[in-house]
Amino acid sequence: MSDTNGPRALLARIRAWLIFFVVCLVLSGLTAFPLVTELRWLDSSLTGWAAPVAQALPGLAEWIHKVAGGVEAAGADAPYLLYGTDWLAFAHLVIAVAFHGVYRDPVRNIWVVEFGMIACAGIIPLALICGPIRDIPFWWSVIDMSFGVFGILPLIHVRRMIKRLEAADGAVTPTAARTSPA
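Residues numbered from 1 in each chain as written. Predicted model: local features only at pLDDT ≥ 70, side-chain atom pairs only at ≥ 80, totals over all residues. Heavy atoms only, no water.

S.K.: I tried to follow the overall build of the protein chain on my own but got confused; where do I start?
M.R.: Looking only at helices and strands, the protein chain features 8 helices and 0 strands. On C-alpha atoms alone, the protein chain measures out to a radius of gyration of 21 Å, which is more than a quarter above the 16 Å that the 2.2 N^0.38 rule sets for 182 residues. Over its C-alpha atoms, taken along the principal directions, the protein chain stretches across nearly 65 × 35 × 30 Å. Expressed as a percentage of its 182 residues, the buried residues of the protein chain come to 30%. Counted over contacts in the protein chain with a minimum sequence separation of 6, partners at least 24 positions apart contribute 75%. When the accessible surface of the protein chain is summed, it comes to about 11300 Å², and 70% of that surface belongs to carbon and sulfur atoms. Separation between the mean location of the 13 positive side-chain charges and that of the 13 negative ones in the protein chain comes to 14 Å. (Helix = DSSP H or I, 4+ residues; strand = E, 2+ residues; numbered from the N terminus. Rg over C-alpha atoms; globule rule 2.2 N^0.38 Å. Buried < 20%, exposed > 50% of the residue type's maximum accessible area, 1.4 Å probe, protein only. Contact = heavy atoms within 4.5 Å. Areas by Shrake-Rupley, 256 points an atom, 1.4 Å probe, with all protein chains shown as cover. Lys, Arg positive; Asp, Glu negative; His and termini not counted. Charge placed at Lys NZ, Arg CZ, Asp CG, Glu CD.)

Okay, here's the thing in C-alpha coordinates:
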(Lines give C-alpha, C1' and ligand atoms only; values in the text may rest on other atoms or scores of the structure.)
Protein backbone atom coordinates (compact mmCIF):
# COMPACT_ATOMS: atom_id res chain seq x y z
CA MET A 1 0.00 0.00 0.00
CA SER A 2 1.60 3.23 -1.12
CA ASP A 3 1.09 6.61 0.42
CA THR A 4 0.16 9.12 -2.25
CA ASN A 5 0.54 12.03 0.16
CA GLY A 6 4.05 11.13 1.24
CA PRO A 7 5.83 10.57 4.51
CA ARG A 8 4.71 13.85 6.10
CA ALA A 9 1.04 12.95 5.63
CA LEU A 10 1.70 9.46 6.97
CA LEU A 11 3.42 10.97 10.02
CA ALA A 12 0.40 13.24 10.58
CA ARG A 13 -1.97 10.23 10.44
CA ILE A 14 0.23 8.28 12.85
CA ARG A 15 0.13 11.20 15.26
CA ALA A 16 -3.64 11.58 14.95
CA TRP A 17 -4.17 7.89 15.79
CA LEU A 18 -1.73 8.21 18.71
CA ILE A 19 -3.64 11.19 20.09
CA PHE A 20 -6.87 9.21 19.83
CA PHE A 21 -5.34 6.22 21.63
CA VAL A 22 -3.74 8.34 24.38
CA VAL A 23 -6.96 10.28 25.01
CA CYS A 24 -8.86 6.99 25.41
CA LEU A 25 -6.12 5.63 27.70
CA VAL A 26 -6.15 8.76 29.87
CA LEU A 27 -9.95 8.83 30.09
CA SER A 28 -9.96 5.16 31.03
CA GLY A 29 -7.44 5.86 33.77
CA LEU A 30 -9.16 8.95 35.11
CA THR A 31 -12.41 7.05 35.58
CA ALA A 32 -10.70 4.78 38.13
CA PHE A 33 -10.16 7.65 40.60
CA PRO A 34 -13.81 8.50 41.45
CA LEU A 35 -14.90 4.85 41.46
CA VAL A 36 -17.22 5.06 44.49
CA THR A 37 -19.02 8.11 43.11
CA GLU A 38 -19.29 6.66 39.60
CA LEU A 39 -20.71 3.37 40.82
CA ARG A 40 -23.15 5.12 43.16
CA TRP A 41 -24.35 7.23 40.22
CA LEU A 42 -24.56 4.23 37.87
CA ASP A 43 -26.44 2.12 40.43
CA SER A 44 -28.96 4.89 41.18
CA SER A 45 -29.44 5.59 37.46
CA LEU A 46 -30.45 1.95 36.92
CA THR A 47 -33.35 2.48 39.31
CA GLY A 48 -34.09 5.92 37.87
CA TRP A 49 -33.78 7.27 34.36
CA ALA A 50 -31.99 4.12 33.08
CA ALA A 51 -34.56 1.69 34.56
CA PRO A 52 -35.41 0.35 31.07
CA VAL A 53 -31.80 -0.83 30.77
CA ALA A 54 -32.06 -2.57 34.15
CA GLN A 55 -35.31 -4.22 33.07
CA ALA A 56 -33.76 -5.39 29.79
CA LEU A 57 -30.53 -6.55 31.47
CA PRO A 58 -31.39 -7.57 35.02
CA GLY A 59 -28.11 -9.44 35.47
CA LEU A 60 -26.17 -6.27 34.68
CA ALA A 61 -28.27 -4.21 37.09
CA GLU A 62 -27.81 -6.81 39.83
CA TRP A 63 -24.04 -6.91 39.24
CA ILE A 64 -23.70 -3.11 39.27
CA HIS A 65 -25.71 -2.95 42.51
CA LYS A 66 -23.50 -5.63 44.10
CA VAL A 67 -20.25 -3.95 42.99
CA ALA A 68 -21.46 -0.49 44.03
CA GLY A 69 -22.32 -1.82 47.49
CA GLY A 70 -18.98 -3.59 47.80
CA VAL A 71 -16.97 -0.57 46.72
CA GLU A 72 -19.00 1.69 49.00
CA ALA A 73 -18.41 -0.67 51.93
CA ALA A 74 -14.71 -0.90 51.13
CA GLY A 75 -14.51 2.88 50.95
CA ALA A 76 -16.19 3.23 54.33
CA ASP A 77 -14.61 0.29 56.18
CA ALA A 78 -11.25 -0.18 54.45
CA PRO A 79 -10.47 2.84 52.25
CA TYR A 80 -6.90 1.61 51.75
CA LEU A 81 -8.31 -1.10 49.45
CA LEU A 82 -9.42 1.60 47.02
CA TYR A 83 -5.81 2.75 46.85
CA GLY A 84 -5.39 -0.12 44.37
CA THR A 85 -7.72 1.61 41.92
CA ASP A 86 -5.70 4.80 42.36
CA TRP A 87 -2.64 2.85 41.25
CA LEU A 88 -4.63 1.45 38.32
CA ALA A 89 -5.50 4.99 37.26
CA PHE A 90 -1.90 6.11 37.71
CA ALA A 91 -0.65 3.21 35.57
CA HIS A 92 -2.92 4.28 32.73
CA LEU A 93 -1.56 7.82 32.93
CA VAL A 94 2.07 6.67 33.01
CA ILE A 95 1.55 4.39 30.02
CA ALA A 96 -0.08 7.28 28.17
CA VAL A 97 3.03 9.41 28.81
CA ALA A 98 5.21 6.71 27.24
CA PHE A 99 3.43 7.28 23.92
CA HIS A 100 4.88 10.80 23.78
CA GLY A 101 8.09 9.21 22.52
CA VAL A 102 6.21 7.55 19.68
CA TYR A 103 4.55 10.85 18.85
CA ARG A 104 7.95 12.55 18.62
CA ASP A 105 9.71 9.79 16.67
CA PRO A 106 7.50 6.89 15.62
CA VAL A 107 10.15 4.83 13.83
CA ARG A 108 12.65 4.98 16.66
CA ASN A 109 10.03 4.36 19.37
CA ILE A 110 7.88 1.72 17.67
CA TRP A 111 8.71 -0.53 20.63
CA VAL A 112 6.27 1.50 22.76
CA VAL A 113 3.46 0.64 20.34
CA GLU A 114 4.51 -3.02 20.46
CA PHE A 115 4.59 -2.85 24.27
CA GLY A 116 1.04 -1.46 24.19
CA MET A 117 -0.03 -4.30 21.90
CA ILE A 118 1.43 -6.85 24.30
CA ALA A 119 -0.35 -5.17 27.22
CA CYS A 120 -3.66 -5.26 25.32
CA ALA A 121 -3.18 -8.95 24.51
CA GLY A 122 -2.35 -9.60 28.17
CA ILE A 123 -5.78 -8.38 29.24
CA ILE A 124 -7.37 -11.54 27.85
CA PRO A 125 -5.52 -14.15 29.95
CA LEU A 126 -5.73 -11.86 32.99
CA ALA A 127 -9.52 -11.67 32.69
CA LEU A 128 -9.85 -15.39 32.00
CA ILE A 129 -7.66 -16.37 34.96
CA CYS A 130 -8.40 -13.73 37.59
CA GLY A 131 -12.08 -13.25 36.74
CA PRO A 132 -13.14 -16.69 38.02
CA ILE A 133 -10.80 -16.43 41.01
CA ARG A 134 -12.49 -13.14 42.03
CA ASP A 135 -16.03 -14.40 41.27
CA ILE A 136 -16.44 -12.03 38.32
CA PRO A 137 -19.27 -13.12 35.99
CA PHE A 138 -17.95 -14.42 32.68
CA TRP A 139 -19.93 -11.86 30.68
CA TRP A 140 -18.19 -9.09 32.66
CA SER A 141 -14.81 -10.66 31.89
CA VAL A 142 -15.80 -10.49 28.21
CA ILE A 143 -16.42 -6.74 28.65
CA ASP A 144 -12.98 -6.43 30.27
CA MET A 145 -11.38 -8.40 27.44
CA SER A 146 -13.02 -6.08 24.91
CA PHE A 147 -10.78 -3.27 26.20
CA GLY A 148 -7.79 -5.30 25.04
CA VAL A 149 -9.36 -5.98 21.66
CA PHE A 150 -10.46 -2.38 21.09
CA GLY A 151 -7.11 -1.12 22.38
CA ILE A 152 -4.99 -3.31 20.14
CA LEU A 153 -6.81 -2.44 16.91
CA PRO A 154 -5.60 1.18 16.63
CA LEU A 155 -2.13 0.09 17.77
CA ILE A 156 -1.93 -2.52 14.99
CA HIS A 157 -2.91 0.19 12.52
CA VAL A 158 -0.34 2.61 13.94
CA ARG A 159 2.39 -0.05 13.84
CA ARG A 160 1.64 -0.77 10.17
CA MET A 161 1.80 2.93 9.34
CA ILE A 162 5.10 3.27 11.22
CA LYS A 163 6.54 0.36 9.22
CA ARG A 164 5.42 2.09 6.00
CA LEU A 165 6.99 5.33 7.20
CA GLU A 166 10.22 3.51 7.95
CA ALA A 167 10.24 1.92 4.50
CA ALA A 168 9.38 5.13 2.64
CA ASP A 169 12.16 6.52 0.48
CA GLY A 170 13.40 9.74 2.02
CA ALA A 171 11.17 9.28 5.03
CA VAL A 172 10.89 12.47 6.99
CA THR A 173 10.94 11.38 10.59
CA PRO A 174 11.65 13.82 13.38
CA THR A 175 15.00 12.11 14.10
CA ALA A 176 16.03 12.19 10.45
CA ALA A 177 15.08 15.85 10.21
CA ARG A 178 17.15 16.74 13.28
CA THR A 179 20.23 14.79 12.24
CA SER A 180 20.25 15.71 8.54
CA PRO A 181 22.94 18.16 7.53
CA ALA A 182 21.51 21.60 6.86
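Read on, since the account is not over.
S.K.: Where do I start with the packing of helix α1 (residues 6-30) against helix α5 (residues 83-104) in this structure?
M.R.: When two helices pack together, their arrangement is captured by the angle between the axes and the distance separating the axes. Here α1 crosses α5 at 170°, and the two axes come no closer than 8 Å. As far as their axial angle goes, α5 and α1 are roughly antiparallel. Mapping the contact onto sequence places Arg-15, Leu-18, Ile-19, Phe-21, Val-22, Leu-25, Val-26, Ser-28, Gly-29 and Leu-30 in α1 and Ala-89, His-92, Leu-93, Ile-95, Ala-96, Phe-99, Val-102, Tyr-103 and Arg-104 in α5. Across the contact of α1 with α5, the residue classes tally to 14 nonpolar, 3 polar and 2 charged. (Axes fitted to C-alpha atoms, helices over the stretch in contact; angles between N-to-C directions. Parallel < 35°, antiparallel > 145°, perpendicular 65-115°, else oblique. Nonpolar A, V, L, I, M, F, W, Y, C, P; charged D, E, K, R; others polar.)

S.K.: It is not clear to me how the packing of aromatic side chains should be interpreted in this structure. Could you clarify?
M.R.: In this description, an aromatic ring pair is defined by two values, namely the gap between the centres and the angle between the planes. By the definition in use, this model includes 7 aromatic pairs. With a centroid separation of 5.6 Å and an interplanar angle of 80°, the aromatic rings of Trp-139 and Trp-140 are classed as edge-to-face. Through successive ring pairs, a cluster of aromatic residues spans Trp-63, Trp-139 and Trp-140. (Phe/Tyr/Trp six-rings, centres within 6.5 Å; stacked < 30°, edge-to-face > 60°.)

S.K.: It is not clear to me how the environment of Phe-147 should be interpreted in this structure. Could you clarify?
M.R.: Secondary-structure assignment places Phe-147 in helix α7 (residues 138-167). Here Phe-147 falls in the exposed class, since its relative accessible area comes to 51%. A C-alpha to C-alpha distance of 9.6 Å links Phe-147 and Ala-121, two positions 26 residues apart in sequence.

S.K.: Explain the pattern of salt bridges here, please?
M.R.: A side chain with one charge may pair with a side chain of the opposite charge, provided their charged atoms come close. Counted under the stated rule, the structure contains 3 salt bridges. Two residues, Arg-40 and Glu-72, come together in a salt bridge whose shortest N-O distance is 3.1 Å. A residue pair is termed long-range when its members are at least 10 positions apart, and Arg-40 in helix α2 (residues 35-46) and Glu-72 in helix α4 (residues 58-77) qualify at 32 residues. Classification of Glu-72 by relative accessible area gives partly exposed; the value is 35%. Of the charged contacts in the structure, one is a salt bridge between Arg-159 and Glu-114, with a shortest N-O distance of 2.9 Å. Of the two residues, Arg-159 is situated in helix α7 and Glu-114 in helix α6 (residues 110-133); the sequence distance between them amounts to 45 residues. Judged by relative accessible area, Arg-159 falls into the partly exposed class, the value being 26%. (Salt bridge = Lys/Arg side-chain N within 4 Å of Asp/Glu carboxyl O.)

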